[in-house]
Amino acid sequence: MKKLLWWQTGACGGDSLAILSATAPSLEHLVIAHDVELLWHPSLSHQGAGYLRRLLAAIAAGEEALDILCIEGSIVTAPQGTGLNDSWHGRAKKDIVLELAARSGTVVAMGTCAAFGGVHAAPPNPSDCLGLQFTGAQPGGLLPPAWRSQSGLPVVNVAGCPAHPHAMTQTLAWLAADLPLELDRLNRPAMHFSQVVHQGCTRNEYHEYDVEETEFGGRACLFFNLGCQGPLTQAVCNSDLWNGRSSKTRAGVPCFGCTAPNFPKDTDLFATEKIGELPVRLPLGVERPRYMAYKNLARDAAPPRVRDKKMEP
(Lines give C-alpha, C1' and ligand atoms only; values in the text may rest on other atoms or scores of the structure.)
Protein backbone atom coordinates (compact mmCIF):
# COMPACT_ATOMS: atom_id res chain seq x y z
CA MET A 1 0.00 0.00 0.00
CA LYS A 2 1.20 3.48 -0.90
CA LYS A 3 0.57 6.27 1.59
CA LEU A 4 -0.31 9.65 0.10
CA LEU A 5 -0.56 13.09 1.69
CA TRP A 6 -1.99 16.13 -0.12
CA TRP A 7 -0.79 19.51 1.18
CA GLN A 8 -2.08 22.90 0.03
CA THR A 9 0.11 25.98 -0.06
CA GLY A 10 -0.81 29.16 -1.99
CA ALA A 11 -3.76 27.61 -3.82
CA CYS A 12 -7.28 28.30 -5.02
CA GLY A 13 -8.25 24.65 -4.56
CA GLY A 14 -8.89 24.15 -8.28
CA ASP A 15 -6.79 20.99 -8.57
CA SER A 16 -8.60 19.42 -5.60
CA LEU A 17 -11.90 20.22 -7.29
CA ALA A 18 -10.74 18.95 -10.69
CA ILE A 19 -9.52 15.59 -9.43
CA LEU A 20 -13.03 14.83 -8.15
CA SER A 21 -14.26 14.66 -11.76
CA ALA A 22 -11.71 12.03 -12.81
CA THR A 23 -13.18 8.75 -14.06
CA ALA A 24 -10.20 6.82 -15.48
CA PRO A 25 -9.41 6.16 -12.72
CA SER A 26 -11.64 8.07 -10.37
CA LEU A 27 -10.21 9.18 -7.06
CA GLU A 28 -12.23 6.44 -5.34
CA HIS A 29 -10.91 3.81 -7.77
CA LEU A 30 -7.37 5.09 -7.25
CA VAL A 31 -7.66 4.58 -3.52
CA ILE A 32 -9.39 1.20 -3.65
CA ALA A 33 -8.05 -0.57 -6.74
CA HIS A 34 -4.55 0.89 -6.74
CA ASP A 35 -4.07 0.37 -3.01
CA VAL A 36 -3.49 3.96 -1.97
CA GLU A 37 -4.09 5.19 1.57
CA LEU A 38 -5.01 8.86 1.71
CA LEU A 39 -3.34 10.07 4.90
CA TRP A 40 -4.63 13.61 4.56
CA HIS A 41 -6.40 15.94 2.18
CA PRO A 42 -7.48 19.41 3.35
CA SER A 43 -10.98 19.12 1.86
CA LEU A 44 -11.64 15.38 2.00
CA SER A 45 -10.23 14.33 5.36
CA HIS A 46 -12.58 14.51 8.34
CA GLN A 47 -9.97 14.53 11.11
CA GLY A 48 -9.14 17.75 12.90
CA ALA A 49 -6.02 19.84 13.30
CA GLY A 50 -4.77 17.74 16.21
CA TYR A 51 -4.66 14.64 14.05
CA LEU A 52 -2.82 16.49 11.30
CA ARG A 53 -0.27 17.91 13.75
CA ARG A 54 0.47 14.41 15.07
CA LEU A 55 0.65 13.01 11.53
CA LEU A 56 3.15 15.62 10.36
CA ALA A 57 5.29 15.03 13.45
CA ALA A 58 5.26 11.28 12.88
CA ILE A 59 6.32 11.68 9.25
CA ALA A 60 9.08 14.12 10.19
CA ALA A 61 10.36 11.66 12.82
CA GLY A 62 10.32 8.76 10.39
CA GLU A 63 7.61 6.98 12.38
CA GLU A 64 5.02 7.19 9.55
CA ALA A 65 5.79 6.33 5.93
CA LEU A 66 5.04 8.84 3.19
CA ASP A 67 5.24 7.35 -0.30
CA ILE A 68 3.65 10.17 -2.33
CA LEU A 69 3.50 13.83 -1.37
CA CYS A 70 1.16 15.98 -3.48
CA ILE A 71 1.59 19.74 -3.25
CA GLU A 72 -1.16 22.03 -4.56
CA GLY A 73 -0.41 25.73 -4.89
CA SER A 74 2.47 28.16 -5.24
CA ILE A 75 5.19 28.28 -2.63
CA VAL A 76 4.84 31.61 -0.79
CA THR A 77 8.17 32.93 0.49
CA ALA A 78 7.14 36.46 1.59
CA PRO A 79 7.88 38.35 3.72
CA GLN A 80 11.63 38.45 3.23
CA GLY A 81 12.01 34.73 2.64
CA THR A 82 10.22 33.64 5.81
CA GLY A 83 7.11 32.28 4.09
CA LEU A 84 4.99 33.42 7.02
CA ASN A 85 2.44 35.02 4.70
CA ASP A 86 1.26 31.43 4.18
CA SER A 87 1.48 29.64 7.51
CA TRP A 88 -0.17 26.82 9.45
CA HIS A 89 -0.30 27.07 13.24
CA GLY A 90 2.60 29.50 13.28
CA ARG A 91 4.83 27.56 10.86
CA ALA A 92 5.54 28.65 7.32
CA LYS A 93 4.00 26.14 4.95
CA LYS A 94 7.14 26.21 2.81
CA ASP A 95 9.09 24.82 5.79
CA ILE A 96 6.52 22.07 6.25
CA VAL A 97 6.88 21.22 2.54
CA LEU A 98 10.66 20.97 2.92
CA GLU A 99 10.26 18.70 5.93
CA LEU A 100 7.76 16.43 4.18
CA ALA A 101 9.71 16.34 0.89
CA ALA A 102 12.79 15.07 2.72
CA ARG A 103 10.78 12.05 3.91
CA SER A 104 8.72 11.39 0.79
CA GLY A 105 9.20 8.62 -1.74
CA THR A 106 7.98 10.88 -4.57
CA VAL A 107 6.89 14.52 -4.63
CA VAL A 108 4.21 15.57 -7.12
CA ALA A 109 3.41 19.19 -7.98
CA MET A 110 -0.33 19.22 -8.66
CA GLY A 111 -1.03 22.14 -10.99
CA THR A 112 1.01 24.89 -12.60
CA CYS A 113 1.21 26.95 -9.40
CA ALA A 114 3.04 24.17 -7.53
CA ALA A 115 5.10 23.27 -10.59
CA PHE A 116 6.23 26.69 -11.82
CA GLY A 117 4.72 29.40 -9.60
CA GLY A 118 1.68 29.98 -11.79
CA VAL A 119 -0.89 32.71 -11.22
CA HIS A 120 0.43 33.79 -7.83
CA ALA A 121 3.96 34.25 -9.20
CA ALA A 122 2.78 36.47 -12.07
CA PRO A 123 4.07 40.06 -12.05
CA PRO A 124 4.31 41.85 -9.67
CA ASN A 125 4.38 38.67 -7.52
CA PRO A 126 3.72 40.44 -4.19
CA SER A 127 4.00 37.21 -2.18
CA ASP A 128 7.36 36.23 -3.72
CA CYS A 129 5.89 32.96 -4.97
CA LEU A 130 7.79 30.24 -6.81
CA GLY A 131 7.33 26.61 -7.79
CA LEU A 132 8.60 23.53 -6.02
CA GLN A 133 11.60 22.93 -8.31
CA PHE A 134 11.12 25.58 -11.02
CA THR A 135 10.63 29.32 -11.01
CA GLY A 136 8.81 29.84 -14.27
CA ALA A 137 10.88 28.01 -16.89
CA GLN A 138 14.08 28.29 -14.85
CA PRO A 139 15.20 25.21 -12.88
CA GLY A 140 15.30 25.86 -9.16
CA GLY A 141 12.45 26.86 -6.88
CA LEU A 142 11.93 25.96 -3.26
CA LEU A 143 14.09 22.93 -4.04
CA PRO A 144 17.33 23.16 -6.03
CA PRO A 145 17.55 21.67 -9.56
CA ALA A 146 19.62 18.70 -8.41
CA TRP A 147 17.20 17.68 -5.65
CA ARG A 148 15.78 14.16 -5.85
CA SER A 149 13.22 12.35 -3.74
CA GLN A 150 13.86 9.00 -2.11
CA SER A 151 12.68 7.28 -5.31
CA GLY A 152 15.34 9.13 -7.30
CA LEU A 153 12.86 11.36 -9.13
CA PRO A 154 12.78 15.14 -9.28
CA VAL A 155 9.48 16.82 -8.45
CA VAL A 156 6.92 15.40 -10.89
CA ASN A 157 5.13 18.40 -12.44
CA VAL A 158 1.50 17.61 -13.30
CA ALA A 159 0.94 21.06 -14.78
CA GLY A 160 -2.35 22.77 -15.60
CA CYS A 161 -4.63 25.45 -14.18
CA PRO A 162 -6.18 23.30 -12.96
CA ALA A 163 -4.36 20.10 -13.88
CA HIS A 164 -6.33 17.67 -16.04
CA PRO A 165 -8.17 15.16 -13.80
CA HIS A 166 -6.75 12.13 -15.57
CA ALA A 167 -3.24 13.55 -15.68
CA MET A 168 -3.47 13.61 -11.89
CA THR A 169 -5.08 10.25 -11.16
CA GLN A 170 -3.19 8.32 -13.85
CA THR A 171 0.14 9.72 -12.70
CA LEU A 172 -0.68 8.74 -9.13
CA ALA A 173 -1.79 5.25 -10.23
CA TRP A 174 1.46 4.89 -12.18
CA LEU A 175 3.50 5.84 -9.13
CA ALA A 176 1.45 3.58 -6.87
CA ALA A 177 2.27 0.65 -9.16
CA ASP A 178 6.00 1.45 -9.05
CA LEU A 179 6.11 1.76 -12.83
CA PRO A 180 8.92 3.80 -14.43
CA LEU A 181 7.69 7.32 -15.13
CA GLU A 182 9.14 9.12 -18.15
CA LEU A 183 9.38 12.88 -17.70
CA ASP A 184 9.87 15.65 -20.26
CA ARG A 185 12.39 18.47 -19.96
CA LEU A 186 10.07 20.32 -17.56
CA ASN A 187 9.66 17.18 -15.43
CA ARG A 188 6.07 16.68 -16.59
CA PRO A 189 4.85 13.09 -17.19
CA ALA A 190 5.54 12.52 -20.88
CA MET A 191 2.41 10.39 -21.31
CA HIS A 192 0.27 13.49 -20.69
CA PHE A 193 2.50 16.22 -22.12
CA SER A 194 3.80 14.86 -25.43
CA GLN A 195 1.00 16.18 -27.65
CA VAL A 196 -0.45 19.62 -28.17
CA VAL A 197 -3.95 20.86 -27.38
CA HIS A 198 -4.34 21.47 -31.13
CA GLN A 199 -4.58 17.69 -31.61
CA GLY A 200 -8.23 16.74 -31.49
CA CYS A 201 -9.45 20.34 -31.72
CA THR A 202 -12.68 20.64 -33.69
CA ARG A 203 -11.29 23.83 -35.29
CA ASN A 204 -8.29 22.05 -36.85
CA GLU A 205 -9.47 22.07 -40.46
CA TYR A 206 -10.11 25.80 -40.27
CA HIS A 207 -6.57 26.28 -39.00
CA GLU A 208 -5.11 24.20 -41.81
CA TYR A 209 -6.90 26.30 -44.41
CA ASP A 210 -6.10 29.59 -42.63
CA VAL A 211 -9.74 30.40 -41.93
CA GLU A 212 -9.39 32.43 -38.76
CA GLU A 213 -11.84 34.22 -36.48
CA THR A 214 -11.39 37.90 -35.64
CA GLU A 215 -14.09 37.94 -32.97
CA PHE A 216 -15.62 35.36 -30.66
CA GLY A 217 -18.72 33.29 -31.39
CA GLY A 218 -17.66 31.62 -34.64
CA ARG A 219 -16.50 28.11 -35.51
CA ALA A 220 -13.15 28.89 -37.12
CA CYS A 221 -9.64 28.89 -35.67
CA LEU A 222 -8.77 31.14 -32.73
CA PHE A 223 -4.98 30.97 -33.06
CA PHE A 224 -4.06 33.69 -35.54
CA ASN A 225 -6.02 36.56 -33.95
CA LEU A 226 -7.65 35.63 -30.65
CA GLY A 227 -4.75 34.35 -28.57
CA CYS A 228 -5.28 30.57 -28.69
CA GLN A 229 -2.18 28.72 -27.49
CA GLY A 230 -3.46 25.29 -28.56
CA PRO A 231 -0.79 24.67 -31.24
CA LEU A 232 1.91 25.62 -28.71
CA THR A 233 0.66 23.96 -25.53
CA GLN A 234 1.37 20.38 -24.53
CA ALA A 235 -1.69 18.86 -22.86
CA VAL A 236 -4.45 16.30 -23.48
CA CYS A 237 -7.45 18.64 -23.26
CA ASN A 238 -8.83 17.82 -26.73
CA SER A 239 -7.88 14.14 -26.84
CA ASP A 240 -9.19 13.39 -23.33
CA LEU A 241 -12.12 15.75 -22.95
CA TRP A 242 -12.89 17.36 -19.61
CA ASN A 243 -15.74 15.46 -17.93
CA GLY A 244 -15.75 13.37 -21.11
CA ARG A 245 -17.60 16.17 -22.89
CA SER A 246 -15.76 19.38 -23.73
CA SER A 247 -12.69 21.60 -23.69
CA LYS A 248 -11.95 25.32 -23.86
CA THR A 249 -11.69 25.41 -27.66
CA ARG A 250 -14.87 23.35 -28.08
CA ALA A 251 -16.63 25.91 -25.90
CA GLY A 252 -15.30 28.72 -28.07
CA VAL A 253 -12.61 29.92 -25.67
CA PRO A 254 -8.93 30.05 -26.68
CA CYS A 255 -6.45 27.77 -24.96
CA PHE A 256 -4.46 29.92 -22.53
CA GLY A 257 -1.43 27.61 -22.39
CA CYS A 258 -1.94 26.85 -18.70
CA THR A 259 0.43 23.85 -18.63
CA ALA A 260 3.40 26.00 -19.70
CA PRO A 261 5.92 27.41 -17.20
CA ASN A 262 5.30 30.99 -18.36
CA PHE A 263 1.57 30.85 -17.61
CA PRO A 264 -0.11 33.26 -17.24
CA LYS A 265 1.34 35.50 -19.92
CA ASP A 266 1.82 39.11 -18.88
CA THR A 267 -0.15 40.21 -21.95
CA ASP A 268 -3.73 40.12 -23.25
CA LEU A 269 -4.88 36.49 -23.12
CA PHE A 270 -7.48 37.10 -25.84
CA ALA A 271 -5.14 38.55 -28.47
CA THR A 272 -2.36 37.01 -30.55
CA GLU A 273 0.93 38.84 -30.16
CA LYS A 274 2.12 39.90 -33.61
CA ILE A 275 4.77 41.91 -35.39
CA GLY A 276 2.91 43.42 -38.28
CA GLU A 277 0.54 40.69 -39.46
CA LEU A 278 2.72 37.79 -38.32
CA PRO A 279 2.29 35.94 -35.01
CA VAL A 280 5.39 36.12 -32.83
CA ARG A 281 4.98 32.49 -31.75
CA LEU A 282 4.16 29.75 -34.25
CA PRO A 283 2.99 26.15 -33.70
CA LEU A 284 5.59 23.85 -32.18
CA GLY A 285 8.07 22.43 -34.68
CA VAL A 286 7.10 24.83 -37.48
CA GLU A 287 9.57 26.95 -39.45
CA ARG A 288 8.35 30.51 -40.00
CA PRO A 289 9.08 30.94 -43.76
CA ARG A 290 7.50 27.61 -44.70
CA TYR A 291 4.54 28.19 -42.38
CA MET A 292 3.66 31.57 -43.85
CA ALA A 293 4.04 30.35 -47.45
CA TYR A 294 1.88 27.32 -46.66
CA LYS A 295 -0.83 29.39 -44.98
CA ASN A 296 -1.13 31.71 -47.99
CA LEU A 297 -1.51 28.74 -50.32
CA ALA A 298 -3.92 26.98 -47.98
CA ARG A 299 -6.24 29.98 -47.79
CA ASP A 300 -6.60 29.97 -51.56
CA ALA A 301 -7.24 26.22 -51.56
CA ALA A 302 -9.90 26.24 -48.85
CA PRO A 303 -13.11 24.49 -50.02
CA PRO A 304 -16.32 26.57 -49.86
CA ARG A 305 -17.71 24.71 -46.82
CA VAL A 306 -14.61 25.71 -44.84
CA ARG A 307 -14.30 29.23 -46.24
CA ASP A 308 -17.97 29.89 -45.48
CA LYS A 309 -17.66 28.32 -42.00
CA LYS A 310 -20.46 25.86 -42.64
CA MET A 311 -18.72 22.86 -41.09
CA GLU A 312 -20.38 21.26 -38.11
CA PRO A 313 -18.91 22.57 -34.81
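Residues numbered from 1 in each chain as written. Predicted model: local features only at pLDDT ≥ 70, side-chain atom pairs only at ≥ 80, totals over all residues. Heavy atoms only, no water.

### Here we look at the environment of Leu 55
What counts here: A helix here means a DSSP run of H or I that spans at least four residues, while a strand means a run of E at least two residues long, and both kinds are numbered starting from the N terminus. Partly exposed describes any residue whose relative accessible area lies between the buried limit of under 20% and the exposed limit of over 50%, with all areas from a 1.4 Å probe on protein chains only and scaled to the type maximum. In this description, contact between two residues means that some pair of their heavy atoms is separated by no more than 4.5 Å.
You can see Leu 55 is positioned in helix H3 (residues 49-60). Owing to a relative accessible area of 6%, Leu 55 belongs among the buried residues under this scheme. Between the C-alpha atom of Leu 55 and that of Leu 39, which follows or precedes it by 16 residues, the distance is 8.3 Å. With sequence-adjacent residues up to four places away left out, Leu 55 is seen in contact with Leu 5, Leu 39, Trp 40 and Glu 64.

### Points about the pattern of salt bridges
Using the following cut-off: Any carboxyl oxygen of Asp or Glu that lies within 4 Å of a side-chain nitrogen of Lys or Arg is treated as forming a salt bridge with it.
One pass over the full model with this rule turns up nine salt bridges. A salt bridge links Arg 188 to Asp 184; the nearest nitrogen and oxygen atoms lie 2.8 Å apart. Both residues of the pair, Arg 188 and Asp 184, belong to the buried class. Across the pair Arg 290 and Glu 287 runs a salt bridge whose closest N-O atoms are separated by 3.5 Å. By relative accessible area, Glu 287 is classed as partly exposed at 47%.

### Here's the deal with the pairing of strand S7 (residues 104-110)
Put simply, the rule is: In this analysis, strands are considered paired if DSSP registers two or more bridges between them.
Most of S7 sits out of view: seven of its seven residues are buried. Looking at chain direction, strand S3 (residues 66-72) and S7 are connected through six bridges and run parallel. Residue pairing across strands places Cys 70 opposite Val 108, the latter belonging to S7. Bridging between S7 and strand S11 (residues 156-158) involves three bridges; their strand directions are parallel. Residue pairing for S11: Met 110 is matched across the bridge by Val 158.

### Focus: helix H9 (residues 288-301)
The α-helix winds at 3.6 residues per turn, so residues separated by three or four positions along the chain end up facing the same way. Basically, it comes down to this: To estimate how far a helix should extend, the number of its residues minus one is multiplied by 1.5 Å. By definition, the arc is the one covered by directions from the helix axis to the C-beta atoms.
The end-to-end C-alpha distance of H9 is 20 Å, a good match for the 20 Å that 14 residues give at a rise of 1.5 Å each. Considered for burial, the residues of H9 that qualify are Tyr 291, Met 292, Lys 295 and Ala 298. Seen along its axis, H9 keeps its buried residues to an arc of 130°; they face one direction. Those residues of H9 that are exposed and aimed more than 90 degrees away from the buried face are Pro 289, Arg 290, Leu 297, Asp 300 and Ala 301. Residues of H9 that are buried sit in contact with helix H7 (204-208), helix H8 (223-226) and strand S13 (278-279).

### Concerning helix H6 (residues 165-176)
Between its first and last C-alpha, H6 extends 17 Å over twelve residues, near the 16 Å set by a 1.5 Å rise per residue. Counting buried residues along H6, ten of its twelve residues qualify, which places the element largely inside the surrounding structure. Buried within H6 we find Pro 165, His 166, Ala 167, Met 168, Thr 169, Thr 171, Leu 172, Ala 173, Leu 175 and Ala 176. Phi turns positive, to about 60°, at Asp 178, one or two residues after H6.

### Quick word on the nonpolar core
Heads up, the rule is: Within this scheme, the nonpolar core is defined by two criteria: the residues are buried Ala, Val, Leu, Ile, Met, Phe, Trp, Tyr or Cys, and they are joined through side-chain atoms within 4.5 Å.
Leu 5, Trp 7, Leu 56, Leu 69, Ile 71, Leu 100 and Leu 132 are the most contacted members of the largest nonpolar core, which has 32 residues in total. Elements represented by at least two residues in this core include exactly strand S1 (2-8), strand S2 (36-40), H3, S3, helix H4 (93-103), S7 and helix H5 (112-116). Counting 22 residues, the second-largest nonpolar core is a separate cluster that includes Leu 4, Trp 6, Val 36 and Val 158.

### Observations regarding the packing of aromatic side chains
So the rule is basically this: The aromatic pairing rule takes the rings of Phe, Tyr and Trp, using the six-membered ring of Trp, and pairs them if the centres are within 6.5 Å, calling planes under 30 degrees apart stacked, those over 60 edge-to-face and the rest tilted.
In this structure the tally under the stated criterion is five aromatic pairs. Both rings, one in Phe 116 and one in Phe 134, keep their centres 5.6 Å apart while their planes meet at 80°; by these two values the pair is edge-to-face. One end of the pair, Phe 116, is in helix H5; the other, Phe 134, is in strand S9 (residues 134-135), with 18 residues separating them in the sequence. In terms of burial, Phe 116 and Phe 134 fall into one category: buried. Geometrically, the ring pair formed by Phe 256 and Phe 270 is edge-to-face, given 5.3 Å between the ring centres and 90° between the ring planes. Of the two residues, Phe 256 is situated in the loop between H8 and strand S12 (274-275) and Phe 270 in the loop between H8 and S12; the sequence distance between them amounts to 14 residues.

### Things to note about the pairing of S1
Burial analysis of S1 places six of its seven residues in the buried class, the great majority of the element. Strand direction decides the pairing type here: S1 and S2, joined by four bridges, are parallel. Directly across from Leu 4, in S2, lies its bridge partner Leu 38. Both S1 and S3 contribute to a ladder of five bridges, which runs parallel. If you follow Gln 8 over to S3, its bridge partner there is Glu 72.

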